[in-house]
Amino acid sequence: MSATLTQDLVAADISLSGVSRIYELGDEKIHALRDLTLDIRQGEFVAIKGPSGSGKSTLANVIGGLDTPNEGKIVVGGLDFSKANDKQLSRYRSKTIGFVFQSFNLQAHSTVLENVLLPLVIAGVDRKTRMARAKECLELMGLSDRADQATNKLSGGQRQRVSIARALANWPQIIIADEPTGNLDQANGQNVIEHLTKLNRELNITLILITHDADVANKAPRILEIVDGNVTDRTSA
Ligand SMILES: Nc1ncnc2c1ncn2[C@@H]1O[C@H](COP(=O)(O)OP(=O)(O)OP(=O)(O)O)[C@@H](O)[C@H]1O
Ligand SMILES: [Mg+2]
């Protein structure tokens, strides 16, 4: 079964308008996102860069439905977050979006295969389908021969590919990777970026890639630069 056939059919275009996220720490108000307006279409590859504390992870979290803005509107694939119920939002988080983190966030003592099966088990996918799907995701990441190995016996680059396979398990339309190469050396980082961009190219998955690394960002056709919670949009050179 082709992976793309089981994605939701509606294009998961992303639209943010006038989005602000303000954290209150005592008397202090931190504007992590300020009046941010942004559209990302299904199948785009967008890099997000900007200084530490500029709001990159906050942006990833509000797009991923993990955090709620104080102001503004977010619509993804026709789902208006402010009008969605808990069931719709939870389905969105587990099915439409796949997250990849700098620190992998894997179950260290489980096998590679078990890590990739987990989101499928949570989503209630039947045993036969989830086994086939997990193996398909591992194959896409070049990890078929590692399926039964404990995750904590792998290199950093291999671990990150396991976490990409896990993010891919529920046929997401969007992958958000927050500094996926931050804990990796140059060669492993490059390899991970190649695997992520392959998913964008071959499966039309929207790739939102947060990075400090200008060389990594420059691989994207579109670069968003976040400074102080706001965004400058440019096409890469
Ligand atoms: N849970 C929170 N409570 C209070 N302030 C927060 C919280 N999360 C983030 N912030 C603040 O919001 C601002 C944006 O943080 P964010 O994590 O989005 O930055 P970032 O661009 O991802 O930084 P980095 O490159 O270091 O990961 C920062 O000033 C940060 O201190
Ligand atoms: Mg961050």
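Structure's up top.
What comes next concerns the included structure. (Residues numbered from 1 in each chain as written. Chains lettered and ligands numbered in written order. Predicted model: local features only at pLDDT ≥ 70, side-chain atom pairs only at ≥ 80, totals over all residues. Heavy atoms only, no water.)

1. Quick notes on unusual backbone geometry
Phi is mostly negative for residues that are not glycine, and the peptide bonds are mostly trans.
Working step 1: The backbone of Phe104 shows a phi angle near 70°, a positive value even though the residue is not glycine.
Working step 2: Mapping Phe104 onto the fold places it in the loop between strand 6 (97-101) and helix 3 (112-122). (Helix = DSSP H or I, 4+ residues; strand = E, 2+ residues; numbered from the N terminus.)

2. Re the pairing of strand 7 (residues 174-178)
Working step 1: Here strand 7 lies mainly inside the structure; five of its five residues are buried.
Working step 2: Burial along strand 7 is two-sided: Ile174, Ile176 and Asp178 and Ile175 and Ala177, pointing in opposite directions, are all buried.
Working step 3: Here five bridges tie strand 6 to strand 7, and the two strands are oriented parallel to one another. Residue Ile97 lies in a different strand from strand 7, and its bridge partner there is Ile174.
Working step 4: The parallel pair strand 7 and strand 8 (residues 206-210) is bridged by helix 6 (residues 186-203), and the resulting crossover is right-handed. (Buried < 20%, exposed > 50% of the residue type's maximum accessible area, 1.4 Å probe, protein only. Pairing = 2+ DSSP bridges. Right-handed = clockwise from strand over helix to strand, strands pointing away.)

3. Looking at the packing of aromatic side chains
Working step 1: Under the criterion given, the structure shown has two aromatic pairs.
Working step 2: Aromatic pair Phe99 and Phe101: ring centres 5.4 Å apart, planes at 5°, arrangement stacked. (Phe/Tyr/Trp six-rings, centres within 6.5 Å; stacked < 30°, edge-to-face > 60°.)

4. Topic: the sheet that holds strand 10 (residues 230-235)
Working step 1: Reading across the sheet, the six strands line up as 6-7-8-3-9-10 and stay open at both edges, with mixed pairing between neighbours. Pairing within the sheet leaves two strands with one partner each, and these edge strands are strand 6 and strand 10. Geometrically, the sheet is characterised by an average inter-axis angle of 20° between neighbouring strands, direction not taken into account.
Working step 2: For strand 3 (residues 45-49) and strand 9 (residues 222-227), the ladder comprises four bridges, and the chain directions are parallel. Pairing of Lys49 across the sheet is with Glu225, part of strand 9. (Axes fitted to C-alpha atoms, helices over the stretch in contact; angles between N-to-C directions.)

5. Quick look at the environment of Ile97
Working step 1: With respect to the secondary-structure elements, Ile97 resides in strand 6.
Working step 2: Overall, Ile97 belongs to the buried group, its relative accessible area being 4%.
Working step 3: Distance in space between the C-alpha atoms of Ile97 and Ala167 is 7.8 Å, their sequence separation being 70 residues.
Working step 4: In contact with Ile97, not counting residues within four places along its chain, are Ile63, Gly64, Tyr92, Pro172, Ile174 and Ile176. (Contact = heavy atoms within 4.5 Å.)

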